[in-house]
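# Breakdown of the fold
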Amino acid sequence: TLHDTRRQELLDQSSELRRRGNMIPCSVHEQILREQDLCHGATMRDLEASYKKQLAVQEESLRQLWKAKEGVLRQQLQLAEQDGAELREAERAAETCESWEVRVREAGVRLAELREFAAVAEAERTE
């Protein structure tokens, strides 16, 4: 990459200067620092742009996931409401059934009483 190439050039320069045993002027140091600043600044801007792009992609993925989850929850709510309506209808039917069972038992008791009364009346009539 550009950064690696520039870094190698600077290392080569540094090695060459050390090899010669010369001191480099302050202006050269400043120039090296400016070049490094430019190089690192560009790298940091690239990294920042890349992270922003990744963040935008993740945010969009989360939005889509949330919409899908919301759709599933709405469907589950509808099913629960339907189940609730069916359960209420079943409870009403069970109450009606229980009511009829009570009426049938009461009618059976009344029928037994009427049969007994009829038997007594028949017995008295035949005497």
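In short, a report on the structure.

Take the overall build of the protein next. When helices and strands are tallied, the protein shows 2 helices and 0 strands. For the C-alpha atoms alone, the extent of the protein along its principal axes is close to 150 × 25 × 20 Å. Classification of the 127 residues of the protein by burial places 6% in the buried group. Within the structure as shown, the protein displays about 11600 Å² of accessible surface, and the carbon and sulfur contribution to it stands at 58%. Looking at charge distribution, the protein has the averaged site of its 20 positive side-chain charges lying 12 Å from that of its 26 negative ones.

Moving on: the pattern of salt bridges. This structure, assessed with the given rule, holds 6 salt bridges. Its salt-bridge partner being R74, residue E70 comes within 3.1 Å of it at the nearest N-O pair. On the criterion of helical spacing, the pair formed by E70 and R74 is a turn pair, its members being 4 residues apart in helix α2 (residues 26-126). A salt bridge links E122 to R125; its shortest N-O distance comes to 2.7 Å. Of this pair, E122 and R125 both sit in helix α2, 3 residues apart, which is roughly one turn of that helix.

Taken together, E91, E95, E98 and E101 make up a surface patch of like negative charges. Following the sequence through the fold, E91 ends up in helix α2. Taking the relative accessible area as the measure of exposure, E91 reaches 42% and is therefore partly exposed.

A full pass over the atoms with the stated rule returns 0 aromatic pairs. The ring of W100 carries R103 above its face, with NZ or CZ at 4.8 Å from the centroid.

Procedures and definitions
Residues numbered from 1 in each chain as written. Predicted model: local features only at pLDDT ≥ 70, side-chain atom pairs only at ≥ 80, totals over all residues. Heavy atoms only, no water. Helix = DSSP H or I, 4+ residues; strand = E, 2+ residues; numbered from the N terminus. Buried < 20%, exposed > 50% of the residue type's maximum accessible area, 1.4 Å probe, protein only. Areas by Shrake-Rupley, 256 points an atom, 1.4 Å probe, with all protein chains shown as cover. Lys, Arg positive; Asp, Glu negative; His and termini not counted. Charge placed at Lys NZ, Arg CZ, Asp CG, Glu CD. Salt bridge = Lys/Arg side-chain N within 4 Å of Asp/Glu carboxyl O. Patch = residues over 30% accessible without salt bridge, like charges linked within 9 Å, V, L, I, M, F, W, Y side chains within 5 Å. Phe/Tyr/Trp six-rings, centres within 6.5 Å; stacked < 30°, edge-to-face > 60°. Lys NZ or Arg CZ within 6 Å of the ring centre and 35° of its normal.

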